[in-house]
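# Observations on the model geometry
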Amino acid sequence: MTAREPLGGAALLERDDELETLAATLDAARAGTGRLTVVEGHAGIGKSQLLAAARGFARGTGLRVLSATAGELERDFAFGVALQLLEPPLATAKPAERDRLLAGAGALAAPLFDGGTVPGADGGEDDVFPLLHGLYWVVSNLAEGGPLLLTVDDAHWADAPSLRFLLYLAQRLAALPVALVVARRPGEPGAEDELLARLSGHHAAAHVDLEPLGEPSVARLVAAAFGAQEDPEFAAACAEVTGGNPLLVNQLLAALAAEGTRPGPEAARRVRELGPEEVSRSVLLRLSGLQLGATSLARSIAVLGDATPLRRAAELAGLEPGLAGEAADALAAAEILRPGEPLSFVHPIVRSAIYAELPAAERARAHVAAARALRAEAAPPELVAGHLLKAEPRGETWVVEVLEDAAERALAAGAPRSAVRYLRRALAEPPARDARADVLVALGRAATVAGDPRAVEHLEEALMAAGEPRRRAEIAYTTGRALGAGGRHREAAEIFDRGLTELVTASPAAGSADGSGSGPDEPDDELRLRLEAGFVGAARRDVATLPLAVARLRPILARGLEGSTPGQRALLAHVAYERALVGEPYDRVLAAATAALDGGRLLEEDTADGVAFHQAVSALAWADDLEGALGALAVAVADARRRGTAFGYAAAVHARAAVHHLAGNVEEALTDARVAMAAGREGWRLALPAAHAVAARALLERGELDAAEAALELPGGEERWEASVALAQLVEARSWLALARGDAESAASGFRDCRRRQTWVQAPNPAVMAWRSGAALAAHALGDREKARSLAEQEVELARAYGAPRPLGIALRTCGLVLGGEAGLELLEAAVGVLDGSQARLELARARTELGAAQRRAGHRQAAQAQLRPALDLAHRCGAVALADRAREELAAAGARPRRPHLSGTESLTASERRVAELAAAGSTNREIAQALFVTVKTVEWHLRNTYLKLGIASRRELVGAMQAAA
């Protein structure tokens, strides 16, 4: 049989086209290109048979097969489906092979397979990404041994983290020799509809939609069941009652055969008397006629779920092992169970029919017994908890403990809704009085991450349930962080403030905002600092609470924080950020930011995911220590790569993009901004408008105005970001683009919006946003010279007070352009003098270009050429194509003959190619580079191929020499 021959032959009726689609999916994987195929259809329509046929054909043609079937009782088991897929090859691998499979980024997923605590206890959306990245690389490492087929049946019951993993894999599937086939039932209650829709709607997914069988195929099944010639009327009746559903057809025929009915007119009338519901329950009729113990065993398996060991089912049913074995054989002969162990029903419909017939009280008792048995066997808490969710509360301590353990693991693995269900059930048990507050805190934290509007109610109740004021303060800190992680900054600020009040109650000498109170060695002082930092950070992000943050910071700004504890460092980062926003002298900003970062200690404590670290780095950059900021961010990017946190990586590269933009590294800024924008498509939201703004500004520097305009489009529109501080940067970028297009009216309107937004956040410092320069140039273009002059002079005054070279140079250049004449020339010369020697290379190139142009217009050609030549060279080195073209035109007008620079050597590499080349030259393999940069191996190969062509080399050894020479 070739790869294009129908899978399964005559075993599957009316499925030739569907089998052909699956064959094409397997062909592609065998050729090295992965594909996703989604099989959809209602219960009993033949999805499982189709997947079984694909697995059989894959094994026969050399593909390794890994399969999983989601279960209704395990839908809250985080990564349960992923473990079904990948645990067997790891469990059977020899130590050396297991080490290879978990090598590199695959190690990030190791806690899932080792049964230990999963990292990411805060349970934020970002915390699951290291696991997704690790699981992807486990699949990639497995695929090194040959092409794979991964099948997931009953995906409508799959847990959310596993579905996120399948989506993560699907995004990168084309680079792997892996076929992924997922079967789902549409419209299933309780399914993860959004994730399933994203998987089914993936742009590269092939679809197989299964339709009911026609009458001819039903007639063939009738003939096969009764060994008789076809009876058209009887077959038509069977097709009508079952709707052509293959499983229901077979169940109906088995029931009719069991009661001795044969095809014929009377049988046709008998069939038409039945409805589909009666057909699906015909299994109960067959069950009642079986031997002693069969009904009890079937009911036990219905409670325990598929893949149940015979001994466990027998114990729950109260049967001796021998009798249980005979009952299992009888159930298999009646086509109720599949033959062999572990015990499973032939289809979920059969289990549902048996389970539904159990009285509610008996079901609840059976689930408690099942939970006890699983706990005694040290089963994962999630498996035990699945049964406890269906059991009645009994006031038992062990139940609460199991549910808390399951919730903690679910939250850490990125399944907050599962954690919420576990903890609500724990409250219903109920917990002991002294443990109630802890359960409520955990429930509130999980509900916040899950986006549950009742989260605050749980946290409020936890605060009331806690006995000691200091314990309430600790709960408030945990609660505030949870609310902040969910973007609910106003509520977070209120909770942090309440925690500070509780600390004052616990120790009246502690907690005063002016720094008096308990000494630095007392534990309350550190908690107070953390609460203060939390309040300021949260309140600063909401327009309604922002004034409170500023007021709270005033006494803190006057304090002598040394940065000697984690709490002091976090608070000091907010101090540096605030000083930068309001425009205090930049040397004070620099000192505070440097002390907060403390040589990397803040990053260790706050990580690349934290707010405090990024605020300190922003303050450092606004104080013109661009090299220091880039150095700190290089460590942050490495930290995010090491931990495998895609969102932390996105936050770090976005921050680096912003600093590259300030430094004038156009290509680097664009590359980093695009990485952050791509992360936005996977759920990163922290500063997405700002990332789009940096990309647009970089494209504007390259002269690509249409591409810059496209980069300003936010996914889902701008309305959802209206209250976000980050939207101001997008508005600013759009205004500069309008100015570049010659649309001064739109530019002036946009810069007025920037003024409004910066007033909201009380950030007049032009180092943060030079909107006055843009507004002055727009007013000048519209002929309003008085307004232009006023705005430009205001910015010069603010920039002088701040003192940093970059914003002052920008302000002086703008003022020089607006004033013109001799006064303008003097200001342009001053701008060049201020920027010469600074780290803002592109602003120096811009100032030199404007000075040279003004000198050329004044008739000073030699002086103009002396400015324009270095300006052209610097603009070229920065990657600012538009500015370089302008400098070249001015040089030509000044009488020089500038040649267009020819890119060669390492200068011809794009920023992405350079990064790959640097890692390759440092000795990293293609797989290690892909893991570090969160891309595929094929992407790395593509960049290296281009690099070799541009550099005229053919090996890594030559690449090392080329990169060393460039350095």
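Just so you know, these numbers come straight off a predicted model, no measurement behind them. (Residues numbered from 1 in each chain as written. Predicted model: local features only at pLDDT ≥ 70, side-chain atom pairs only at ≥ 80, totals over all residues. Heavy atoms only, no water.)

With 254 residues, the main nonpolar core has Phe79, Leu86, Phe113 and Phe165 as its most contacted residues. Top element by residues in this core is helix H6 (residues 129-143). It accounts for 10 residues. Counting residues in each nonpolar core, the second largest holds 27 residues, with Leu304, Leu310, Ala327 and Tyr355 among its members. (Core = buried A, V, L, I, M, F, W, Y, C linked by side-chain atoms within 4.5 Å. Buried < 20%, exposed > 50% of the residue type's maximum accessible area, 1.4 Å probe, protein only. Helix = DSSP H or I, 4+ residues; strand = E, 2+ residues; numbered from the N terminus.)

To continue, consider the pairing of strand S4 (residues 178-184). Of all 7 residues in S4, 7 are buried, a share of seventy percent or more. Covered by surrounding structure in S4 are Val178, Leu180, Val182 and Arg184 together with Ala179, Val181 and Ala183, the residues of both alternating faces. Examined bridge by bridge, strand S3 (residues 148-153) and S4 share 5 bridges and lie parallel to one another. Counterpart to leucine 148 in the pairing with S4 is valine 178. One crossover worth recording links S3 to the parallel S4 by way of helix H7 (residues 160-171), and it is right-handed. (Pairing = 2+ DSSP bridges. Right-handed = clockwise from strand over helix to strand, strands pointing away.)

Moving on, we get to the environment of arginine 471. Positionally, arginine 471 belongs in helix H25 (residues 469-485). Taking the C-alpha atoms as reference, arginine 471 lies 8.6 Å from glutamate 502; in sequence the two are 31 residues apart. When residues no more than four places from it in sequence are discounted, the contact partners of arginine 471 are Asp438 and Ala466. (Contact = heavy atoms within 4.5 Å.)

Below, the discussion takes up the packing of helix H28 (residues 546-557) against helix H29 (residues 566-582). Close contact between H28 and H29 brings their axes to 11 Å; oriented N to C, the two are set at 105°. Here H28 lies roughly perpendicular to H29, going by the angle between them. Taking contact as the criterion, the partners of Val550, Leu553, Ile556 and Leu557 in H28 are, on H29, Leu571, Val575, Glu578 and Arg579. Within the contact of H28 with H29, the residues separate by chemical class into 6 nonpolar, no polar and 2 charged. (Axes fitted to C-alpha atoms, helices over the stretch in contact; angles between N-to-C directions. Parallel < 35°, antiparallel > 145°, perpendicular 65-115°, else oblique. Nonpolar A, V, L, I, M, F, W, Y, C, P; charged D, E, K, R; others polar.)

A word on the side chain of threonine 814. Within the fold, threonine 814 resides in helix H42 (residues 805-819). What makes threonine 814 buried here is its relative accessible area of 1%. Beyond its immediate chain neighbours, meaning those up to four positions away, threonine 814 contacts Ser773, Ala776, Leu777 and Ala792.

For helix H2 (residues 47-60), spanning 14 residues, the distance from its first C-alpha to its last is 20 Å, which sits close to the expected 20 Å at 1.5 Å a residue. Taken together, the buried positions of H2 are Lys47, Leu50, Leu51, Ala53, Ala54, Arg55, Phe57 and Ala58. The inward-facing, buried residues of H2 abut helix H1 (16-30), strand S1 (35-40), strand S2 (64-69), S3, S4 and strand S5 (205-209). Phi for glycine 62, located one or two positions after H2, is positive at around 95°. (Expected span 1.5 Å × (residues − 1).)

This part takes up the pattern of salt bridges. Per the counting criterion, the structure on display carries 52 salt bridges. Of the charged contacts in the structure, one is a salt bridge between arginine 100 and glutamate 144, with a shortest N-O distance of 3.0 Å. On the criterion of sequence distance, the pair formed by arginine 100 in helix H4 (residues 95-101) and glutamate 144 in the loop between H6 and S3 is long-range, its members being 44 residues apart. Linking glutamate 377 and arginine 311 is a salt bridge whose minimum nitrogen-to-oxygen distance equals 3.0 Å. A residue pair is termed long-range when its members are at least 10 positions apart, and glutamate 377 in the loop between helix H19 (360-376) and helix H20 (381-388) and arginine 311 in helix H16 (residues 310-317) qualify at 66 residues. We classify arginine 311 as exposed; its relative accessible area is 52%. When salt bridges with common partners are traced through the structure, they connect Glu97, Arg100, Glu144 and Arg927 into a single cluster. (Salt bridge = Lys/Arg side-chain N within 4 Å of Asp/Glu carboxyl O.)

In this section: the packing of helix H41 (residues 785-802) against H42. In the contact formed by H41 and H42, the axes pass within 8 Å of each other and the chain directions differ by 160°. Of the possible angle classes, the one that applies to H41 and H42 is roughly antiparallel. Regarding H41 and H42, the two cross each other, and that crossing is left-handed. Facing Arg785, Ala788, Arg789, Ala792, Glu793, Glu795, Val796, Ala799, Arg800 and Tyr802 of H41, the residues of H42 in contact are Pro807, Leu808, Ile810, Ala811, Leu812, Thr814, Cys815, Val818 and Leu819. Split into classes, the residues belonging to the contact of H41 with H42 amount to 13 nonpolar, 1 polar and 5 charged. (Left-handed = near helix turned anticlockwise from the far one by under 90°.)

Further remarks concern the packing of aromatic side chains. Tallied over the entire structure, the rule returns 7 aromatic pairs. When the centroid spacing of 6.1 Å and the interplanar angle of 80° are considered together, the rings of phenylalanine 226 and phenylalanine 234 count as edge-to-face. With a relative accessible area of 7%, phenylalanine 226 lands in the buried category. Judged by relative accessible area, which is 0%, phenylalanine 234 ranks as buried. Directly above the ring of tyrosine 355 sits arginine 363, whose terminal nitrogen or CZ lies 5.2 Å from the centroid. Here arginine 552 stacks its cationic end above the ring of phenylalanine 535, 4.2 Å away from the centre of that ring. (Phe/Tyr/Trp six-rings, centres within 6.5 Å; stacked < 30°, edge-to-face > 60°. Lys NZ or Arg CZ within 6 Å of the ring centre and 35° of its normal.)

So, about unusual backbone geometry. In this chain, glutamate 341 is followed by proline 342 through a cis amide linkage whose omega measures -5°. For proline 342, the position within the fold is in the loop between helix H17 (321-333) and helix H18 (348-357). Positive phi, close to 50°, is recorded for aspartate 598, a residue that is not glycine. Inspection of the secondary structure puts aspartate 598 in the loop between helix H30 (586-597) and helix H31 (601-606). For aspartate 598, a relative accessible area of 26% puts it in the partly exposed group. For aspartate 624, which is not glycine, the phi torsion reads 70° and is therefore positive. The topology assignment puts aspartate 624 in the loop between helix H32 (611-622) and helix H33 (626-643).

Attention now goes to the environment of alanine 236. Among the structural elements, alanine 236 can be located in helix H10 (residues 232-242). Residue alanine 236 is classed as buried on the basis of its relative accessible area of 16%. Taking the C-alpha atoms as reference, alanine 236 lies 7.6 Å from alanine 219; in sequence the two are 17 residues apart.

Spatially, S2-S3-S4-S1-S5 is the arrangement adopted by the 5 strands of the open sheet, whose pairing is parallel. Edge positions in the sheet fall to S2 and S5, since each of these pairs with one other strand and no more. In this sheet, adjacent strand axes meet at a mean angle of 15° when their direction is disregarded. Bridge count for S2 against S3 is 6 bridges, and the pairing is parallel. What sits directly across from serine 67, in S3, is threonine 151. The strands touched by H2 within the sheet are S1, S2, S3, S4 and S5, with S3 carrying the most contacts at an inclination of about 165°. Its contacts with the sheet place H7 against S1, S3 and S4, and it is angled at close to 140° to S4.

On to the confidence of the model for the chain, then. Low pLDDT means the predicted coordinates in that region are not meant to be read closely. The share of residues in the chain with pLDDT of 70 or more is 90%, and the mean pLDDT across the chain is 85. Element-level mean pLDDT values for the chain span from 57 in helix H13 (residues 276-280) up to 97 in H42. Contacts for the low-pLDDT stretch residues 1-10, under 50 throughout, to residues beyond four places or in other chains number 19 contacts. (pLDDT = per-residue confidence, 0-100.)

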